[in-house]
Amino acid sequence: QKAVKEKPQDAGLLAQLAYSYLQRKSNAQARRYALAAREIEEQHQLAAYVLARLYLSIGDVEQALEILEANLDEDAPQENLLSLLAGLKLKSKDFAESIRLYELGAKQHPNNSKWIKALARAYLLTKDDDRLATTLTQLAELDGDDFLVRKKLSQLALNRNAFQESVRWANLALHVNVMDADTHATL
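Residues numbered from 1 in each chain as written. Predicted model: local features only at pLDDT ≥ 70, side-chain atom pairs only at ≥ 80, totals over all residues. Heavy atoms only, no water.

Draft legend 1. Here's a closer look at the nonpolar core. Y33, Y49, V50, L68, Y102, L136 and L153 are the most contacted members of the largest nonpolar core, which totals 54 residues. Residues within four places of Y33 in sequence aside, it is in contact with V4, L14, L17, A18 and Y21. (Core = buried A, V, L, I, M, F, W, Y, C linked by side-chain atoms within 4.5 Å. Buried < 20%, exposed > 50% of the residue type's maximum accessible area, 1.4 Å probe, protein only. Contact = heavy atoms within 4.5 Å.)

Below you can see the structure in the form of structure tokens.
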């Protein structure tokens with residue numbers, strides 16, 4: 001608030017203040033500052049994200065999608081906006097577009113496992129086992145204690161008759177959870 005008082009024409013500060021109000025569930029204030037930010041910078045991504053979340057809070061998915069799509073800067077996407085747009089596309093079963101958006105997020109933020117997990121979920125829903133295996137392998141490298149990822153990788157390898165790979169993933173899964181009967185059966 002202090003920074004906005006000092007620089008009332010700074011769209012970035014107005015959008016950050018709107019986002020803060022959104023997090024505090026002060027929707028009227030969030031809307032006010034998001035609209036103010038968009039008056040200064042029409043395509044401000046964080047302000048658009050705040051407005052989209054407000055539309056979603058009243059059940060207007062169509063308007064939220066319209067705002068998100070119109071304001072996405074694919075060269076420098078704002079993380080919250082991109083994540084919300086991709087999630088809405090996935091929920092509406094527009095798998096190709098959601099995968100494209102999640103891949104964009106993974107490219108922009110390669111060390112953030114959130115994007116890789118989202119891609120894995122999309123590949124799982126589309127039954128794209130090859131890309132799912134690649135994505136789960138990335139997740140396994142990022143998290144040494146994720147039992148379910150290793151178990152799924154073992155099952156995927158078994159399904160394509162890659163027995164040595166299946167055994168390797170099953171053994172790694174058992175290092176995390178030695179009591180899992182399914183993994184023992186896979187071995």
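Next comes the rest of the account.
Draft legend 2. Quick peek at the packing of helix α4 (residues 45–57) against helix α6 (residues 79–91). Closest axis-to-axis distance for the α4/α6 pair is 9 Å, and the angle between their directions is 40°. With respect to their mutual orientation, α4 and α6 come out oblique. In this structure, α4 crosses over α6, and the sense of that crossing is left-handed. For the pair α4 and α6, the contacting residues are Q45, L46, A48, Y49, A52, R53 and L56 in the first and N80, L81, L84 and L88 in the second. Of the residues contributing to the contact of α4 with α6, the split by class is 8 nonpolar, 2 polar and 1 charged. (Axes fitted to C-alpha atoms, helices over the stretch in contact; angles between N-to-C directions. Helix = DSSP H or I, 4+ residues; strand = E, 2+ residues; numbered from the N terminus. Parallel < 35°, antiparallel > 145°, perpendicular 65-115°, else oblique. Left-handed = near helix turned anticlockwise from the far one by under 90°. Nonpolar A, V, L, I, M, F, W, Y, C, P; charged D, E, K, R; others polar.)

Draft legend 3. Representation of the packing of helix α8 (residues 113–126) against helix α9 (residues 129–142) in the model. Contact pair α8 / α9: the axes reach a minimum separation of 9 Å and the direction vectors enclose 150°. Our classification of the angle between α8 and α9 gives roughly antiparallel. The way α8 lies across α9 gives a crossing that is left-handed. Where α8 approaches α9, its residues S113, I116, K117, L119, A120, Y123 and L124 are matched on the opposing element by R131, L132, T135, L136, Q138, L139 and L142.

Draft legend 4. Structural view of the side chain of K151. Tracing the sequence through the fold places K151 in helix α10 (residues 147–159). Exposure remark for K151: the relative accessible area of 15% places this residue in the buried category. Not counting the four nearest positions on each side in its chain, K151 is found in contact with A173, D180, D182 and T183.

Draft legend 5. Representation of the pattern of salt bridges. Applying the stated criterion across every chain, the model contains 10 salt bridges. Residue E103 pairs with R131 through a salt bridge whose shortest N-O separation is 2.4 Å. In this pair, E103 sits in helix α7 (residues 95–108) while R131 sits in helix α9, placing the two residues 28 residues apart along the sequence. Across the pair K151 and D182 runs a salt bridge, and its minimum N-O distance is 3.2 Å. Residue K151 is found in helix α10, and its partner D182 is found in helix α12 (residues 181–186); the two are separated by 31 residues along the sequence. In this structure, a network of salt bridges that share partners links the residues E69, K89 and D94. (Salt bridge = Lys/Arg side-chain N within 4 Å of Asp/Glu carboxyl O.)

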